[in-house]
Amino acid sequence: MPEAPSTLSDDGNFDENNKKLLQFFEDITSNANDVQKNVLNEILSRNSGVEYLQRHGLIINGNNDTENFKKIMPVVTYEDLKPDINRIADGDRSPILCSQPISEFLTSSGTSGGERKLMPTIEEELGRRSLLYSLLMPVMDQFVPDLEKGKGMYFLFIKSEAKTPGGLLARPVLTSYYKSSYFKKRPYDPYTNYTSPNETILCLDSYQSMYSQMLCGLCQNTQVLRVGAVFASGFIRAIRFLEKHWPILCQDIKTGTLNPQITDPMVRESVMKILKPDPKLAEFIETECSKESWKGIIPRLWPNTKYVDVIVTGTMSQYIPTLNYYGNDLPLVCTMYASSECYFGINLNPLCKPCEVAYTLIPTMGYFEFLPVSREDEGPEKSKPYDKNDLVDLVDVKYGHEYELVVTTYAGLYRYRVGDILKVAGFKNKTPQFHFVCRKNVALSIDSDKTDEVELHDAVLKASTHLLPFEISLTEYTSYADTSTNPGHYILYWEINNEKSNETLIPTSVFEDCCLTIEESLNSVYRQCRVSDKSIGPLEIKVVENGTFDKLMDYAISNGASINQYKAPRCVKYAPIIELLNSRVVSSYFSPKCPKWVSGHKQWSSS
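Notes on the structure follow. Bear in mind that the values here come from a model prediction, so they are computed numbers and not experimental data.

Rules used throughout
Residues numbered from 1 in each chain as written. Predicted model: local features only at pLDDT ≥ 70, side-chain atom pairs only at ≥ 80, totals over all residues. Heavy atoms only, no water. Helix = DSSP H or I, 4+ residues; strand = E, 2+ residues; numbered from the N terminus. Buried < 20%, exposed > 50% of the residue type's maximum accessible area, 1.4 Å probe, protein only. Polar contact = N/O pair within 3.5 Å; in protein donor to acceptor, adjacent residues only side chain to side chain. Contact = heavy atoms within 4.5 Å. Pairing = 2+ DSSP bridges. Axes fitted to C-alpha atoms, helices over the stretch in contact; angles between N-to-C directions. Salt bridge = Lys/Arg side-chain N within 4 Å of Asp/Glu carboxyl O. Phe/Tyr/Trp six-rings, centres within 6.5 Å; stacked < 30°, edge-to-face > 60°. Core = buried A, V, L, I, M, F, W, Y, C linked by side-chain atoms within 4.5 Å.

Let us now look at the side chain of Thr360. Here Thr360 lies in strand β11 (residues 359-361). Exposure remark for Thr360: the relative accessible area of 0% places this residue in the buried category. A polar side-chain atom of Thr360 sits 2.9 Å from a polar atom in the side chain of Gln433. Contact partners of Thr360, with chain neighbours within four places excluded, come to Phe25, Thr29, Phe344, Gly345, Ile346, Leu348, Lys428, Thr431, Pro432 and Gln433.

Strand order across the open sheet formed by 4 strands is β2-β1-β5-β4, with mixed pairing between neighbours. In the strand order of this sheet, the two ends are held by β2 (118-121) and β4 (162-163), each with one partner. Where β4 and strand β5 (residues 169-172) come together, 2 bridges link them in antiparallel fashion. Residue pairing across strands places Ala162 opposite Ala170, the latter belonging to β5. Sheet strands in contact with helix α5 (residues 78-89) are β1 (104-107) and β2, and its direction is about 65° off that of β2.

Here we take up the pattern of salt bridges. One side chain can pair with another of opposite charge once the charged atoms of both are near each other. Tallying each qualifying case throughout the model produces 25 salt bridges. Among the ionic pairs, Asp550 bridges to Arg237, the shortest N-O distance being 3.6 Å. Taken together, the residues span a long stretch of sequence, with Asp550 in helix α19 (residues 548-558) and Arg237 in helix α11 (residues 232-255) at a distance of 313 residues. The partly exposed category is assigned to Asp550, whose relative accessible area is 37%. Exposure remark for Arg237: the relative accessible area of 25% places this residue in the partly exposed category. Here the salt bridges share partners, and the residues they tie into one network are Glu42, Arg46, Glu124, Glu125 and Arg128.

For the rest of this paragraph, the subject is the packing of aromatic side chains. Following the criterion strictly, the structure yields 22 aromatic pairs and no others. Summarising the aromatic geometry, the rings of Tyr337 and Phe436 are spaced 6.2 Å apart at their centres and angled 65° between planes, so their arrangement reads as edge-to-face. With Tyr337 in strand β9 (residues 336-338) and Phe436 in strand β16 (residues 431-439), this residue pair connects regions lying 99 residues apart in the sequence. By way of ring pairs, the aromatic residues Tyr133, Tyr154, Tyr177, Tyr178, Phe183, Tyr194 and Tyr343 are connected into one cluster.

We now examine the pairing of strand β18 (residues 489-497). Counting buried residues in β18 gives 8 out of 9 residues, a clear majority hidden from the surface. Where strand β17 (residues 473-482) lies against β18, 9 bridges are found, and the strand directions are antiparallel. Residue pairing in the sheet places Ser473 in a bridge with Asn497 of β18. Summarising the sheet, β18 and strand β19 (residues 540-544) pair through 5 bridges and their orientation is parallel. Looking at β19, one finds that Glu495 is bridged to Val544.

Right, let's talk about the sheet that holds β18 for a bit. Strand order across the open sheet formed by 4 strands is β17-β18-β19-β20, with mixed pairing between neighbours. Every other strand in the sheet has two partners, leaving β17 and β20 (585-590) as the edge strands with one partner each. Between one strand axis and the next, the sheet turns by 25° as a mean value, whatever way the strands run. Sitting on the sheet, helix α17 (residues 508-521) touches β18, β19 and β20, and the angle it makes with β19 is about 125°.

Let's shift gears to the nonpolar core. Counting 157 residues, the largest nonpolar core has Phe235, Ile298, Phe368 and Phe370 as its most contacted members. At 11 residues, α11 tops the list of elements feeding residues into this core. Once residues lying within four places of it in the same chain are set aside, the contact partners of Phe235 are Phe155, Val227, Gly228, Ala229, Ile298, Val308, Val310 and Leu323.

What follows is the structure, encoded as structure tokens:
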């Protein structure tokens, strides 16, 4: 298996280092099948004695290990592993899942599936994550030159840690990385040369962290060549923070003194190394922020910005218009694909349109298999449940087909269903490239209907066009399958930007048309349930007060979600969240009639 090059050489020869990294990537993508076999063999050989593999009867002898693995080992979900994970969390140090000690648990964001999941990890995984990060700048350098001549203004945050009963840390994957020596003691690298000092990123107080990072970014505004956050929603939250707090930020820049609300001594010390009295800069920022329109505020305040680096795939795509507004159509770049379970791949064409983003999976990260999936209206012959015999290897996926990602990791996950649905978009050498389609099972369902995240998002976008003549727009939404009524019905909570128009002056019929448009856009099973079976009631839109989704995020963060990983949930089930949303409803509208439906596919809904 090709050896990954070491991190940046001591002589700081970035061009040579980039060439080595790109050649390494060429090698592993050209020999993906052999690399994957080696990865699986290495995982199985080092973990041959663990309880989990022995429990399933997998005997490692060096001969036909791959074939035996595929024949014997089940495809599992988190619920299947939960008893073993709980044993480790409670203090059992025997080799249950992995021969190496579990160093900590990485927590999922917990915003779409309810309970936060604990993903086991080992110390060496930090090296694999660092390798992926090291590939990003060589790729970007091919498209955007001279990035080493400036800095990135990235809003990065950590979350407080918890400890399991057995004493292991449990924290989000990015918190783990930012608090590691790989990040804190990283050698100089253009990709991780940020305007934010480490101390501001590692500050637990989210207000102090955001304030100090924004202040440092403004102070170094001409040095900024790229801006970003993990998710698009996080970066927009930073811009809205600036909208609210720019007067006191300007005061700090004008006087060279740091606001007394920033009390963390390490943050104050690090910021004061950057903050100097600059009345001219303060006046410039005040002038720009005082203007009526904030269109293009990013290039106006940070004039040398070349792109916005955020995830805008999946449900994050709803933020594209807002980012284009603030960024004056700066390129939106999605660089990498990762999760708490494993880091997966990178985007080799970072300046492509958001709808064209495709990630090339890195064959050395883990062992990847793919479960073919079918979605809406494909007929009973394609809707049967798949089993482990249907899994295909990385190099055997077919162009244009959709799959659920299944991963086997060095840290003790074996044939684990990640829950991401991917579509094959092309190939880099022998390695496939994937569009991220959606998260599996983030859906609404009342009866036999199943509405997935992508379908709902497309329907909402289509319906929101009814608002355009009134100069208002949809800024955020979520949904809920309300079964307390008879029949049950879908509820959509909409927060709208109504600064220029009074929502009460918009005819009721407009929102009713929005309801009907959504229903007309949903799949035939849903429409059958509405029209023929009468098992679903009229769809409802509840308009909520401005700022409701900020409250929703604050609630999630107060209950353990990470700012870095937080995404507004597209479907909610948790009672306190529903109560919060309902407490801020200002008006409610129902679909005025049933959507159109033509019989002929009824048998599909009962298969």
